[in-house]
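Listed here are the chains, written in short residue letters.
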Amino acid sequence: MKTLSRLYLTLVFIFLYSPIAVMILISFNSGESTTEFLGFSLRWYREMFRDSATLEALKNTLVLSVSSAVASTVIGTLAAVGIDRMRNRFLRRAVMSVTNIPMMNPDIVTGISLMLVFVFVGTLLGLESYLSFWTLLIAHVTFNLPYVILSVLPKLKQMDKNIPEAALDLGCTPIQSFFKVELPFIMPGVVTGLIMAFTLSFDDFVISNFTSGSSYETLTIHIYSMIKKSVKPDIYALSTLIFAAVLLLLVISNASDSSGEPKKKKKDGSDKKRRMFLMRGKEGGVAK
Amino acid sequence: MKRSFMQRAAAAPHIVWSVLFIIAPLIFVVYYSFTDLDGAFTTENIGRLFTSNYVLIFVNSLCLALISTVVCLVIAYPLAYIFSRMKEKWQRVMVLLIMIPLWMNFLITTYSWMTILEDTGIINSLFKAIGLDPVHMINTPGAVVVGMVFCYLPYMILPIYTVMSGIDPKLLEAASDLGCSGWHVMTRVVMPMSLSGVISGITMVFVPSISTFYISQKLGGGTFQLIGDTIESYFVGTAINYHFGAALSLVLMILILLSMAVMNHYSDSEDEGGRRIK
Amino acid sequence: MNGKKIIELRGITKSFDGEVVLDNISLDIYEDEFLTLLGPSGCGKTTTLRIIGGFETPDSGEVFFDGKKINDTPPYKRNINTVFQKYALFPHLNVYENIAFGLRLQKTKLPEDEISRRVKEMLEMVNLRGFERRRVTTLSGGQQQRVAIARALINNPKVLLLDEPLGALDLKLRKDMQNELKGMQKRTGITFIYVTHDQEEALSMSDTVVVMNEGSIMQIGTPTDIYNEPSNAYVADFIGESNIIDGVMLADRSVRFAGHTFECVDGGFGKNEQVDVVVRPEDVDVVAVDKGMLTGKVTSVTFKGVHWEIIVDIDNFKWMIQTTDYVAPDAEIGVYIEPDAIHIMKKSEYSDMFGDYSSFSDELDELSDVDAEGEE
């Protein structure tokens, strides 16, 4: 039984990791082919760094994901606070259902529906190119919001309702109470939301595909257009670097997690699992 | 607790945002579906969907999505069970290992699959090296399923694992104690209890696989079209027609809503069954 | 106690979702007083406290603090501080910063050494010297409790509100903290308004006890008043054990119940007025049958440590009697009641609801105690 399950695990992991292995291998190819490995070289890494379009796209993506992550974290955190305090159950359910829509809907539908609005407003205003950085930002904030809200809300629920009251009692105005007491309390949720928003935004292709104009190319859009032309291993080099960066981040965040607060209760463990699952759980289900 | 104005207004930006960029866009989808290029009301777009050409596209997409979902479930379920019986430390490692591929952009990994599955690709090179005949894999529905399963398998594993790891081992012991055989423990206890994970796994795999548009282009080689590809071609392709594209999206959305409703209904009634046993 | 009024509640009414929680409450609270709001879960005691603290606004009625109406004054502008039920310490701050929190919010910025001096003083007072740098999440319940008290007292409030502050502590710690709290109140001279459902706690700590039930005040008085002179059957039953029997006032200082005429110390009732008679179980003496004013048959005997608790059937009314001498079950006994052990109350809506021990069981009593823990 044990060997059988080991074998099974191995097979699944081979399946999940072979494309990544191929990608890393080919990125060091000395030849131009993406199918034949001719020898080890760093040629494509050099070429990649020489390609100004790629670097531009990387810069664009960073600007976009940072700004959309920050914007959605601010709006989303406030929204979570508001939703948490809502007394009208009907309103609360309505807001939550609408919030969940971008998570439940296929990305392509979210993408085209936003595009239709931009097109409509754009033609109404007589703009020549209506898709720009701003439309991308709006789209990204829109699909990030539910993830931020869903990572902040549980933290608010965990908070003893007397804690903000204690702050008021000791002389805080409601605003001071929010910044001095409530925000520090929900901070872990806010940070998770921020990171999630950043990664979702960084990685998004489908929605960006419909909401970005030619004036602002993100990395994924750039890769898409490169693949459409001819594929050279430089894309693999780029992806390998991104992969390495992500891996590094994961290791750091895991290490800091386990060293920062050594003895967290078990409850937090399950909370973490849920969060990790949320991290990439793009399609529905999670909201339940 | 008295709520200050600030707390009351905190959700306001989000609500305004949702109305502008979630609700309004959906209204636009409906609006475009039922208008022609001049903005006049028409049912022509919807009508055109029922021509054999598009019905075939829908059927193809539905079949491939269903196959991928079932394959994912079959692979994921035993895997999640194996994970959930491991030591806590290993469980964490396994979850991390399952999540890492998700961090790779699917454009790249799909392209990697091309490299692997091509006629002169890695698998066929291996076959050649050991003296086997090459097998044609790329540009077949099978290749598309491989691509989809690769992309969405973790979404099936994680929710099922999350539910299974929450099952108290004492419960399984209690079941065996009450005379359940290993098989019965599985079918009577583990399976009903993990159903909610299965349901969310299915939705998380089915929704993106029925609407995908890139995987089929690359791995299917354009030999057949899926809904996603068709929608995309009407919005950013050469034959731009927002109205017809919107109609396609509307039907896709309704299709997904319907299947989710069916799933939810199914899971609800199962839930009640569970309660009865208790 | 004849000090100045510090808080006045006038005709306070409050409902949540159409359910009346406080029904026309009026209450005076004096400087330097230890006042306890006592009642079962849902009686409105916590809501009263929250109205004083400023966390709820009354639907009607007025709240005065030091003679000024404060209905619409937010909590942060009231010179009142609160010790919350589950302490509500700020988990992201250490003990020092939790206690210093209120000081740091003062308009004129205090120098750090002043803050440090006062925090030390507070820590000293609550016996937590050396705990400055500890994280509050690593403290035991009792220690968190002390931090919560220190945090609330550092601003020198005129009034301290305590919402079931000992509810989460175990029995031994509870007793110690009761003494400490009482001592602290005496030393600081701050008015304490204390909410609890534990009658023993209320009686042992308070200067004044306010017994509440279903949004109304049943009785206000000193602990001895409340115990010895309950104003109605509800209070008599809620505070300690009581036998409550129907009686008729024959004349001043003469009451007839259980088929016998007793001499008592109360008067001022109408002739032949129907009344409730309260006799505490410890005030009933067990005597030989021929020497008893009443006789009855023992139906159950329970050993309680200091005394035996027996249930005696006298004329189909079950009395509870506490006696230091063992009595055998099923024995016929006589009972003797001194005149000053008999307390006469006017009939009220609570008459006939309490006071008979026919269905009494310790277990049920404990169950209802557990229910009360889940208060609000």
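Nothing here was measured: the structure is a model prediction, and the numbers come from that model.

> What exactly am I supposed to notice about the overall build of chain B here?
In terms of regular secondary structure, chain B is built from 13 helices and zero strands. Mapped in sequence order, the helices and strands of chain B form the string α-α-α-α-α-α-α-α-α-α-α-α-α. Taking the principal axes of its C-alpha atoms as reference, chain B extends roughly 80 × 70 × 35 Å. Taking all 278 residues of chain B together, 44% fall into the buried category. In chain B, the proportion of contacts linking residues at least 24 apart, taken out of those at least 6 apart, comes to 71%.

> Just checking my understanding: could you explain the overall build of chain A for this structure?
Per the secondary structure count, chain A includes 12 helices and zero strands. The linear arrangement of helices and strands in chain A, starting from the amino end, is α-α-α-α-α-α-α-α-α-α-α-α. Going through the 288 residues of chain A one by one, you find that 47% of them count as buried. Considering only contacts in chain A between residues 6 or more positions apart, those separated by 24 or more positions represent 78%.

> It is not clear to me how the sheet that holds strand β19 (residues 332-337) of chain C should be interpreted in this structure. Could you clarify?
By way of backbone hydrogen bonds, the strands of a sheet pair with one another, either parallel or antiparallel. Residue and element names in this part refer to chain C. What the five strands build is an open sheet, ordered β15-β19-β16-β17-β18; its pairing is antiparallel. One side of each edge strand has no neighbouring strand; the edge strands of this open sheet are β15 (284-287) and β18 (317-323). Neighbour-to-neighbour, the strand axes of the sheet open up by a mean angle of 45°, direction not taken into account.

> Help me out: how do you make sense of helix α12 (residues 227-235) of chain B in this one?
Note that an α-helix has 3.6 residues per turn; residues three or four places apart therefore point the same way. Counting buried positions over the nine residues of α12 of chain B gives eight, a clear majority of the element. Of all the residues in α12 of chain B, the buried ones are I227, G228, D229, T230, I231, E232, Y234 and F235 of chain B.

> For this particular structure, what's the right way to read the confidence of the model for chain A?
Any residue range with low pLDDT should be treated as having predicted coordinates unsuitable for detailed reading. Residue and element names in this part refer to chain A. On average, residues of chain A score 84 in pLDDT, and 88% of them reach the 70 mark or higher. Least confident of the elements in chain A is helix α12 (residues 266-280), whose mean pLDDT is 40; most confident is helix α6 (residues 133-158), at 94. This stretch, residues 259-288, has a pLDDT under 50; its non-local contacts, to residues over four places away or in other chains, come to 41 contacts.

> What exactly am I supposed to notice about the environment of G61 of chain C here?
Residues and elements named next belong to chain C. If you trace the backbone, G61 turns up in strand β4 (residues 60-65). The partly exposed category is assigned to G61, around which 17 C-beta atoms lie within 10 Å. A sequence separation of 50 residues divides G61 from G11, and the C-alpha atoms of the two residues are 4.6 Å apart. Not counting chain neighbours up to four residues away, the residues in contact with G61 comprise L9, R10, G11, I12 and T13.

> Would you mind going over the interface of chain B and chain A with me for this structure?
By a widespread convention, an interface's size corresponds to the accessible area lost as its parts come together. Chain B puts 68 residues into the contact, and the matching count from chain A is 71 residues. By residue number, the principal contributor to the side of chain B that touches chain A is helix α2 (residues 12-33) of chain B, which donates 14 residues. Grouping the amino acids of the side of chain B that touches chain A by side-chain chemistry returns 49 nonpolar, 17 polar and two charged.

> For this particular structure, what's the right way to read the interface of chain A and chain C?
Listed by partner, the interface residues are 14 residues for chain A and 19 residues for chain C. For the side of chain A that touches chain C, the elements supplying multiple residues, two or more each, are α7 (162-169) and α8 (174-203) of chain A. Sort the elements by how many residues they give to the side of chain A that touches chain C and α7 of chain A lands first, with six residues. Of the residues contributing to the side of chain A that touches chain C, the split by class is eight nonpolar, three polar and three charged.

> What should I look at first to understand the sheet that holds β4 of chain C in this one?
All names here are of chain C. Spatial strand order, β2-β1-β4-β5: four strands in an open sheet with antiparallel pairing. Each having just a single partner strand, β2 (19-30) and β5 (68-69) make up the two edges of the open sheet. One ladder, built from two bridges, connects β4 with β5; its direction is antiparallel. Across the sheet, F65 pairs through a bridge with K68, a residue of β5.

> Explanation requested: the nonpolar core in the structure shown.
Nonpolar side chains in soluble globular proteins generally cluster together in the buried interior. The biggest cluster of nonpolar side chains holds 135 residues, and the ones touching the most others in it are L116 of chain A together with A76, A80, Y152, M156, I157 and I160 of chain B. In terms of residue count, helix α8 (residues 141-165) of chain B provides more of this core than any other element does, 18 residues in total. Setting aside anything within four residues of it in sequence, one finds L116 of chain A in contact with P25, F28, V29, Y32, Y242 and A246 of chain B. In this structure, L22, V83, Y87 and V95 of chain C belong to the second largest nonpolar core, which totals 104 residues.

> I would appreciate a short explanation of unusual backbone geometry in the present structure.
The phi angle of most residues is negative, glycine excepted, and most peptide bonds adopt the trans form. Residue and element names in this part refer to chain C. For E164, which is not glycine, the phi torsion reads 40° and is therefore positive. Of note, R253 is a non-glycine position whose phi angle comes to about 60°, a positive value. Tracing the sequence through the fold places R253 in the loop between β11 (243-251) and β12 (254-257). For R253, a count of 15 C-beta atoms within 10 Å translates into the label partly exposed.

> Would you explain the environment of F34 of chain B in this entry?
Residue and element names in this part refer to chain B. Of note, F34 is situated in the loop between α2 and α3 (44-49). Considering only alpha carbons, one finds F34 and H243, 209 residues apart in sequence, at a separation of 7.5 Å. Not counting chain neighbours up to four residues away, the residues in contact with F34 comprise F41, T42 and T43.

> I would appreciate a short explanation of the confidence of the model for chain B in the present structure.
All names here are of chain B. Across chain B, the average pLDDT comes to 86, with 94% of residues at 70 or higher. For chain B, per-element mean pLDDT is lowest for helix α1 (residues 5-9), which scores 72, and highest for α2, which scores 94. Below a pLDDT of 50 lies the segment residues 270-278, which in the model reaches two contacts outside its immediate sequence neighbourhood of four places, other chains included. In the predicted assembly, ipTM is 0.86 and pTM is 0.82.

> For this particular structure, what's the right way to read the packing of helix α4 (residues 89-104) of chain A against α2 of chain B?
Axes are the key here: two packed helices are described by the angle between their axes and the distance separating the axes. It is at 10 Å that the axes of α4 of chain A and α2 of chain B come closest, and there the two elements cross at 45°. Of the possible angle classes, the one that applies to α4 of chain A and α2 of chain B is oblique. Our pair here, α4 of chain A against α2 of chain B, has a crossing hand that is left-handed. Between α4 of chain A and α2 of chain B, the residues in contact are V95, V98, T99, I101 and P102 of chain A and I15, S18, I22 and I23 of chain B, respectively. Residues belonging to the contact of α4 of chain A with α2 of chain B are distributed by class as follows: seven nonpolar, two polar and no charged.

> Honestly, the environment of V206 of chain A in this entry has me stumped. Any pointers?
All names here are of chain A. If you trace the backbone, V206 turns up in helix α9 (residues 206-211). Along the chain, V206 and G111 lie 95 residues apart, while their C-alpha atoms are 6.9 Å from each other. Setting aside residues up to four positions removed in sequence, V206 forms contacts with D107, I108 and G111.

> Looking at this structure, how should I read the pairing of strand β14 (residues 273-279) of chain C?
Side-chain positions along a regular strand alternate between the two faces of the sheet. Residue and element names in this part refer to chain C. With five of seven residues buried, β14 lies mostly within the body of the structure. Across seven bridges, the pairing between β11 and β14 is antiparallel. From the neighbouring strand, I245 faces β14, where its bridge partner is V277. Relative to strand β20 (residues 342-346), β14 runs antiparallel, the two sharing five bridges. By the bridge assignment, V275 is partnered in β20 with K346.

> Could you clarify how one ought to interpret the pairing of strand β6 (residues 80-83) of chain C in this entry?
Residues and elements named next belong to chain C. Going residue by residue along β6, you find I80 and T82 tucked away on one face and N81 and V83 tucked away on the opposite face as well. As paired strands, β6 and strand β7 (residues 159-163) are joined by four bridges and run parallel to one another. Within β7, the position partnered with I80 by the bridge is V159.

Conventions adopted
Residues numbered from 1 in each chain as written. Chains lettered and ligands numbered in written order. Predicted model: local features only at pLDDT ≥ 70, side-chain atom pairs only at ≥ 80, totals over all residues. Helix = DSSP H or I, 4+ residues; strand = E, 2+ residues; numbered from the N terminus. Buried ≥ 20, exposed ≤ 12 C-beta atoms within 10 Å, placed from the backbone. Contact = placed C-beta atoms within 7 Å. Pairing = 2+ DSSP bridges. Axes fitted to C-alpha atoms, helices over the stretch in contact; angles between N-to-C directions. pLDDT = per-residue confidence, 0-100. Nonpolar A, V, L, I, M, F, W, Y, C, P; charged D, E, K, R; others polar. Core = buried A, V, L, I, M, F, W, Y, C linked by C-beta atoms within 7 Å. Parallel < 35°, antiparallel > 145°, perpendicular 65-115°, else oblique. Left-handed = near helix turned anticlockwise from the far one by under 90°.

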